[in-house]
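Examining the three-dimensional arrangement
So the chains spell out like this:
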Amino acid sequence: MRRIQSQRGFTLIEIVVVIVVLGIMALMGSYGVERAMDGYNLARENSQISQKAQNALDRLAIELSHIPFNGGLSRYTISAGTAGSLTYTTNFGLANEVHTINQVNNQLMLDNFPLTDMVPGNGLQFADLNAGGRILGGGTDPALRIIQITLNLRGPYSNVTRTYNARVALQS
């Protein structure tokens, strides 16, 4: 008696099903990789913006902490203060120097030297914390003791604006 041998292998339908399943798995995997890359890019952007803000605010805090107390009516040598600009005299021990901090276009400037970029419109503010956080404007208050600097920076890719603050106690 002859035995009929069964054929080994895959049918065409089985191969097509496997290809479709592998395609679906590859699509899901590529979506996961895309999300991971978006997360990485966002984290990198946040890190860069935070570093820019920290560097700029540190520099401004050092500058403003050297505004000398003059004991007169205006106590400190801040000659002009507005919401987004501050002109003051510092004394680093050698001589008095007049400086201006302001925003020009999308840059934070210290004496026409850019400290950082990506500053949106009205992204720089100076406030007098002794006056309940009143934005500086039209001069300074004789009781001015603590200046709060608020700096807004916009991300280059996400267009999300982040706000950073620093407080500076003036010399007494």
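Refer to the structure printed above.
Criteria and cut-off values
- Residues numbered from 1 in each chain as written.
- Predicted model: local features only at pLDDT ≥ 70, side-chain atom pairs only at ≥ 80, totals over all residues.
- Heavy atoms only, no water.
- Core = buried A, V, L, I, M, F, W, Y, C linked by side-chain atoms within 4.5 Å.
- Buried < 20%, exposed > 50% of the residue type's maximum accessible area, 1.4 Å probe, protein only.
- Helix = DSSP H or I, 4+ residues; strand = E, 2+ residues; numbered from the N terminus.
- Contact = heavy atoms within 4.5 Å.
- Salt bridge = Lys/Arg side-chain N within 4 Å of Asp/Glu carboxyl O.
- Polar contact = N/O pair within 3.5 Å; in protein donor to acceptor, adjacent residues only side chain to side chain.

For the rest of this paragraph, the subject is the nonpolar core. In this structure, Leu-64, Ile-101, Ile-149 and Leu-151 are the most contacted members of the largest nonpolar core, which totals 24 residues. Among the secondary structure elements, those contributing two or more residues to this core are helix H1 (12-65), strand S2 (85-91), strand S4 (107-110), strand S6 (124-128), strand S8 (146-154) and strand S9 (161-169). Among the elements that line this core, the one with the most residues is H1, at six residues. Residues contacting Ile-149, with those up to four places away along its chain left out, are Leu-57, Leu-60, Leu-64, Leu-124, Gln-125, Phe-126, Tyr-164, Asn-165, Ala-166 and Val-168.

Here we come to the environment of Asn-112. Tracing the sequence through the fold places Asn-112 in the loop between S4 and strand S5 (113-116). Counting along the chain gives 11 residues from Asn-112 to Ile-101, while the straight-line C-alpha distance between them is 8.3 Å.

Tallying each qualifying case throughout the model produces four salt bridges. When the shortest N-O distance is used, the salt bridge between Arg-35 and Asp-38 registers 2.7 Å. Of this pair, Arg-35 and Asp-38 both sit in helix H1, three residues apart, which is roughly one turn of the helix. Arg-162 is the salt-bridge partner of Glu-45, the closest N and O atoms lying 3.8 Å from each other. In this pair, Glu-45 sits in helix H1 while Arg-162 sits in strand S9, placing the two residues 117 residues apart along the sequence. We note that Glu-45, like Arg-162, is buried.

Note on placement: Thr-150 falls in strand S8. One polar contact links Thr-150 to Asn-165, side chain to side chain, over a distance of 2.8 Å. Look past the residues within four positions of Thr-150 in its chain and what remains in contact with it is Gly-123, Leu-124, Gln-125, Thr-163, Tyr-164 and Asn-165.

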